[in-house]
Each structure stands twice: as structure tokens, then as C-alpha cells.
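# Commentary on secondary and tertiary structure
What follows is the residue order along each chain.
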Amino acid sequence: MYQLRACCQQLMKNLLNHHKTFLSSRTIMSSRASLAENAGAQSGENDDRNKAGEQQGPDKLKSILVDTVLTLEKLDVNLFRAAQMWSAFRTKNLYGGQIVGQALVAAGKTIDPKFSVHSLHSYFVSHGDPAKPVLYRVENVRDGRSFSSRSVQATQDGKPVFIMNASFHVYEDSPYSHQFTMPSVPDPEKLPSDKDLLKEFLKIPDTPEKHRKYAERLLAREIPFEHRRVDGMRAFHIGDIPTEPRKLVWVKAAGHIGEGNKQMHACVAAYLSDLELSITSTFPNRDVKVGFITSLDHSMWFHAPFRSDDWMLYQMESPFSGNARGMIFGRLWRRDGTLAMSVAQETLIRPKL
């Protein structure tokens, strides 16, 4: 028994050392324990995904997103609950991308697998409390031969916090095809990680204390995504010098999700799509300290298949801000130059008084 235990411990140590991740081993183990406790309540879809994960081999660790925050419990017909509202941002409010991702998971559980999501349009009705579970009620708006539509309402304490309409489409061949050209940028492997950038920034002498503290907070947080910033430190909201409201960031989910589940990759992409958008609209006014910023709405269009655990280039730009609101557009490109998704968001921005 002792040898078996020692063997298991050594195997887990090798797994964690082999795959660089932002999460501590305690977080991973507790997440897996929580998943095991709820396994009886999960659908056959989740069981299949877990079996696929076991066949990945010792060199792959499943993405923490799939096992925790994007796993929903079915309570009734078209009614789901998310108990794990994980966030690394130390905020009193729910993270918008997480709500969008979970709502899409709920909608996808009511859709025929031959349909894939092609667009979603959502509004953040109120802030929500990350310490409380969220209920997702799905309304079957329409099931057609080519399209299916779903409406999702997220509630806490009986009050709506989020609403979303999503449309799903059966793949069709078409002679009409074009896209913009992907920006020419260095490969992600040639760019430093966020942690490396922030560590180098903290080495700069005479850095203002407020900027140093902000960089230290960013360095301390653990998120289930990896970033490589084409614009380096300029892509962070650090400094008082105004810049163009544009940035280019390579992004992907940390860990392994695998092929075969297009719907889950779309849900993970919805989660990460909100992560960098809002702050981009403040770049021309970096000299004005932000007191409050939050997403008002969020829309996505899914153009081509992709894997959210592979690097994608996130191109963001803000054409306008005014009247306490900022407008931001985003494009997510696959490494081969294919435009995978488009994103649009309006955000509320108020200065610190």
C-alpha cells in the first residue's frame, strides 16, 4: 500500500512539473475532488469528455475551465446551476466572460449536436455576486432545419443578472467566402509571458509606487489562460501616457481540452473573449485614473472551427468612447490566418473621483 501511494504521488508530481500552469496543485486537486463528488449529476456528455481526458496520456493536464467553472449541474428541464463562480480578479462582481461562457454551456445542452453556435448577443443586467451560485434557465425559442435559437436568463436570489440570445446553425457549403488578412506579428513562442514582462517591469528603478503595486497585483493573480503580448507592457493598463486604443495579444486556455467538442471550445472562447476588451477603450485617456469599469453587453460571431487550447491572436480596437461608454471590437485569428471569431462590446467607464 505504501509503495502504491508513493508511486501515485510521484506520478502526480511528474504531471505537474511537465506542464506549466498558472494553477497550484492544491487548486487542481480540489477541483478534481469537487468534480468527482458531482459526477452522478453530470450528463452523458460530460462523462464522454472525462473518458477522453483519461486517454490523453501523462503529458496532458485537462483545462481547469472544463472541470470547474464551465461544468453545470442540471436541476430540471432547461434549468442548470453553476456552483463554482471562480475568479482571479478579486472583484465583488461576477466576471462577465464567465457568465457568457456558462450561459452558452447551458444553451448548448438543449441543442441537437448537429448544430453549432454561430452568434450570441447578451446584456449584463446587474453585477451579480461571485460568492453565490447562478441559475441558468434556457428557453427553446425555435428549432428549424437550418437554425435553432435559444434564450438564456441567469439569475441570483430570484433576480436576473444576465440575458443572452444565441443562434445555432447546421454547416452549409457556400460559394461566398472572404475575410480580412490577419496582422503580421511574431509567433507567441518568441514573445515573453505576462509573468516575465511584469517581473522585468518591476526591476526598472524609480517606477512610481502606484504602478509597482498594480504590476504586483497582476503578477500575483492566477488565471486559466496564457498570454503573449505583441505590444509588450503597453498592452497593460500601466502608465499615464495616452496611446492608441489598439492591442494584439496571443491567447489560449491553459491545459488541454482536446478535439471533438466544438461546443466546449466555443464556451471557453466566450469566457476568454471578455478578458482584455474593456480596458482597451481607456488607452487614449491613460492620464485619467479609472474608478469604475464594467461590461454592458457582449456579442460574438463564430466564423470557423478553432481550438481554444491552441494559440489565437486577439486583435482589439476601440473606435469610440464618450458619454461614460466605450465601444470595442475584437477579432480572434487562428495561427494559420483564419478568422475564427468576431467580438463586439460596449463598456461603462467612470473616472475615480
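The following refers to the structure shown. For clarity, every value in this text was computed on a predicted model and none was experimentally measured.

Definitions and cut-offs
Residues numbered from 1 in each chain as written. Predicted model: local features only at pLDDT ≥ 70, side-chain atom pairs only at ≥ 80, totals over all residues. Heavy atoms only, no water. Helix = DSSP H or I, 4+ residues; strand = E, 2+ residues; numbered from the N terminus. Buried < 20%, exposed > 50% of the residue type's maximum accessible area, 1.4 Å probe, protein only. Contact = heavy atoms within 4.5 Å. Pairing = 2+ DSSP bridges. Axes fitted to C-alpha atoms, helices over the stretch in contact; angles between N-to-C directions. Core = buried A, V, L, I, M, F, W, Y, C linked by side-chain atoms within 4.5 Å. Phe/Tyr/Trp six-rings, centres within 6.5 Å; stacked < 30°, edge-to-face > 60°. Expected span 1.5 Å × (residues − 1). Patch = residues over 30% accessible without salt bridge, like charges linked within 9 Å, V, L, I, M, F, W, Y side chains within 5 Å. Areas by Shrake-Rupley, 256 points an atom, 1.4 Å probe, with all protein chains shown as cover. Salt bridge = Lys/Arg side-chain N within 4 Å of Asp/Glu carboxyl O. Parallel < 35°, antiparallel > 145°, perpendicular 65-115°, else oblique. Left-handed = near helix turned anticlockwise from the far one by under 90°. Nonpolar A, V, L, I, M, F, W, Y, C, P; charged D, E, K, R; others polar. Arc of directions from axis to C-beta.

### Description of the overall build of the chain
When helices and strands are tallied, the chain shows nine helices and twelve strands. Across the 353 residues of the chain, 48% fall into the buried class. Across the chain, contacts joining residues at least 24 apart in sequence account for 72% of those joining residues at least 6 apart.

### Digging into the sheet that holds strand E7 (residues 225–229)
Reading across the sheet, the twelve strands line up as E1-E2-E4-E5-E6-E3-E9-E12-E11-E10-E8-E7 and stay open at both edges, with antiparallel pairing between neighbours. Looking along the sheet, the strands with just one partner apiece sit at the ends: strand E1 (73–76) and E7. The sheet shows a mean angle of 25° between the axes of neighbouring strands, direction not considered. The sheet contact formed by strand E3 (residues 116–124) and strand E9 (residues 290–302) spans five bridges and is antiparallel. In the strand pairing of E9, Leu-120 is matched with Met-300.

### Regarding the pairing of E9
Bridging between E9 and strand E12 (residues 339–351) involves eleven bridges; their strand directions are antiparallel. Pairing of Phe-292 across the sheet is with Arg-350, part of E12.

### Concerning the nonpolar core
Membership of the largest hydrophobic core comes to 57 residues, with the highest contact counts inside it found for Leu-104, Tyr-136, Phe-162, Met-164, Phe-302 and Met-341. No other element matches the eight residues that helix H8 (residues 262–273) contributes to this core. Met-182, Val-185, Trp-333 and Leu-339 belong to the second largest nonpolar core, which has nine residues in total.

### Looking at the pairing of E7
Taken residue by residue, a regular strand's side chains alternate between the two faces of the sheet. Counting buried positions along E7 yields five of five residues, so the element is predominantly enclosed. Where E7 and strand E8 (residues 246–253) come together, five bridges link them in antiparallel fashion. Paired with Arg-228 across the strands is Trp-250, a residue of E8.

### Section: the packing of aromatic side chains
Applying the stated criterion across every chain, the model contains three aromatic pairs. Considering the side-chain rings of Phe-124 and Phe-162, the 5.4 Å spacing of their centres and the 45° angle between planes classify their relative orientation as tilted. With Phe-124 in strand E3 and Phe-162 in strand E6 (residues 159–169), this pair connects stretches of sequence that are 38 residues apart. Residue classification places Phe-124 among the buried positions, given a relative accessible area of 17%. By the ring-pair criterion, three or more aromatic residues cluster together here, those being Tyr-95, Phe-225 and Tyr-271.

### Quick notes on helix H5 (residues 96–108)
If you check H5, its first and last C-alpha atoms are 18 Å apart, about what 13 residues at 1.5 Å a residue would give, namely 18 Å. Most of H5 is tucked away: 13 of the 13 residues are buried.

### Side note on unusual backbone geometry
Its identity as a non-glycine residue notwithstanding, Asn-323 has a phi of 55°, on the positive side. As for its placement among the helices and strands, Asn-323 is situated in the loop between strand E10 (312–322) and strand E11 (325–334). Judged by its relative accessible area of 64%, Asn-323 is exposed. A positive phi angle, near 70°, is found at Ala-324, a position not held by glycine.

### A short note on a nonpolar patch on the surface
A cluster of nonpolar residues, Tyr-123, Val-125 and Ile-163, forms a patch on the protein surface that exposes about 280 Å² of accessible area. Here Tyr-123 is to be found in strand E3.

### Topic: the packing of H5 against H8
At a closest axis distance of 7 Å, the pairing of H5 and H8 adopts a crossing angle of 160°. By the angle between their axes, H5 is roughly antiparallel relative to H8. The two elements H5 and H8 meet at a crossing, and its hand is right-handed. Touching Gly-97, Gln-98, Val-100, Gly-101, Leu-104, Val-105 and Gly-108 of H5 are Gln-263, Ala-266, Cys-267, Ala-270 and Tyr-271, all from H8. Its residues assigned to classes, the contact of H5 with H8 comprises seven nonpolar, five polar and no charged.

### Focus on the environment of Asn-93
Here Asn-93 shows up in the loop between strand E2 (79–82) and H5. Look at Asn-93 and you get partly exposed, because its relative accessible area is 23%. Taking the C-alpha atoms as reference, Asn-93 lies 5.2 Å from His-127; in sequence the two are 34 residues apart. With sequence-adjacent residues up to four places away left out, Asn-93 is seen in contact with His-127, Gly-128 and Pro-130.

### Topic: the environment of Lys-213
Topologically, Lys-213 is positioned in helix H7 (residues 209–220). Lys-213 gets classed as partly exposed once you look at its relative accessible area, which sits at 45%. Expressed as a C-alpha distance, the spacing of Lys-213 and Leu-202, which sit eleven residues apart in the sequence, is 9.4 Å.

### Details of helix H6 (residues 194–202)
Buried within H6 we find Asp-194, Leu-197, Leu-198, Phe-201 and Leu-202. Along the long axis of H6, the arc covered by the buried residues comes to 130°, so they all point the same way.

### Details of the environment of Asn-285
Structurally, Asn-285 can be placed in the loop between helix H9 (277–280) and E9. Sequence-wise, Asn-285 and Pro-242 are 43 residues apart; in three dimensions their C-alpha atoms are separated by 5.4 Å.

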